[in-house]
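Residues per chain, in single letters:
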Amino acid sequence: EIDIRAEYWTDHYDLVNQQRSIEGKWRSFYRTVKKANELKGKTFYHRAFCDYRGRVYLSDSVLNYQGGDLQRALIEFDIAKEIRDGDWKFLWMQAANTWGLKGKWEERVDEAKRKQDDIVRFANDPVETYDEWSEAGDKWQFLRACIEIKDAINNPDHQSHLICELDQSTSCLQHM
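Quick caveat: nothing in here was measured; it's all calculated off a predicted structure.

Peer 1: Lay out the overall build of the protein chain with the relevant residues and their values.
Peer 2: In terms of regular secondary structure, the protein chain is built from eight helices and four strands. In terms of overall size, the protein chain is more extended than a compact globule, its C-alpha atoms giving a radius of gyration of 20 Å where 176 residues would be expected to give roughly 16 Å. Burial statistics for the protein chain: of 176 residues in total, 34% are counted as buried. Sequence separation of 24 or more characterises 56% of the internal contacts of the protein chain that already satisfy a separation of 6 or more. Summing over all exposed atoms, the protein chain offers an accessible surface of approximately 12,000 Å²; the carbon and sulfur share of this is 51%. Taking the 26 positively charged and 32 negatively charged side chains of the protein chain as two groups, their mean positions are separated by 6 Å.

Peer 1: I'd like a rundown of the nonpolar core, residues and numbers included.
Peer 2: By size, the foremost hydrophobic cluster in this structure holds 22 residues, and its most contacted members are W88, L91, W92, A95, I119, F142 and I149. For this core, the secondary structure elements donating two or more residues are α3 (88-99), α4 (105-114), α5 (116-124) and α7 (139-154). Membership of the second largest hydrophobic core comes to eight residues, among which are L39, V56, L58 and L63.

Peer 1: Report on α4, specifying residues and quantitative values.
Peer 2: For α4, the set of buried residues is R108, V109 and A112. Down the axis of α4, the sector holding all buried residues measures 100 degrees, keeping them to one side. Residues E106 and R114 are exposed on α4 and point more than 90 degrees away from its buried face. Among the structural elements, α3 and α5 are those in contact with the buried residues of α4.

Peer 1: Let's hear about the pairing of strand β1 (residues 47-50): which residues, and what values?
Peer 2: Regular strands place side chains that alternate from one sheet face to the opposite one. Sheet analysis places β1 next to strand β2 (residues 56-59), joined by four bridges and oriented antiparallel. Bridge assignment links C50 to a residue of β2, and that residue is V56. Turn length for the β1-β2 hairpin, with the two strands adjacent in sequence and antiparallel, is five residues, and the turn residue G54 shows positive phi of about 95 degrees.

Peer 1: Give a detailed account of the environment of D85, specifying residues and quantitative values.
Peer 2: You can see D85 is positioned in the loop between β3 (81-82) and α3. It is 12 Å that separates the C-alpha atoms of D85 and H158, two residues lying 73 residues apart in sequence.

Peer 1: Can you lay out the side chain of Q71 for me, pointing to particular residues and giving the numbers?
Peer 2: In this fold, Q71 is placed in helix α2 (residues 69-74). With residues near it in sequence (within four places) discarded, Q71 still touches T32, V62, L63 and N64.

Thresholds applied
- Residues numbered from 1 in each chain as written.
- Predicted model: local features only at pLDDT ≥ 70, side-chain atom pairs only at ≥ 80, totals over all residues.
- Heavy atoms only, no water.
- Helix = DSSP H or I, 4+ residues; strand = E, 2+ residues; numbered from the N terminus.
- Rg over C-alpha atoms; globule rule 2.2 N^0.38 Å.
- Buried < 20%, exposed > 50% of the residue type's maximum accessible area, 1.4 Å probe, protein only.
- Contact = heavy atoms within 4.5 Å.
- Areas by Shrake-Rupley, 256 points an atom, 1.4 Å probe, with all protein chains shown as cover.
- Lys, Arg positive; Asp, Glu negative; His and termini not counted.
- Charge placed at Lys NZ, Arg CZ, Asp CG, Glu CD.
- Core = buried A, V, L, I, M, F, W, Y, C linked by side-chain atoms within 4.5 Å.
- Arc of directions from axis to C-beta.
- Pairing = 2+ DSSP bridges.

Laid out in structure tokens, this is it:
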């Protein structure tokens, strides 16, 4: 009986901890989406400071490009830029990086290009394809890259607001 009771309480506390974790993640998701909706269509600025190396860090921002996956997916540049032929490699690299592909730069770009049909399918119907694209390492950023790629394929004059990371630490933005 002692062993059964101990096993019950262990399972009980594990379940309670998992519930708290899920509730915390949901609150964070809700807070991020709420802030994004408040800022939608508005230009906003981040409060930032630089360390002794010149790297930029953000403070007091619910929504910022140094935040989690969802925050990085929702942040975009205020001013859009035309996607030139030479820029496509960065869109494909964004899809590759956020999916979680590893290897040489060119190989990741080529692998992402080979997934173009899936990428467009995910962007066209993210709800029905959730089980597939949510396996990405950074699922929300990956979906955002899919949508950007689809829009650029469908409209050659598409102007992009997407922040493409050169690496996953966004240190390229820290050094700008």
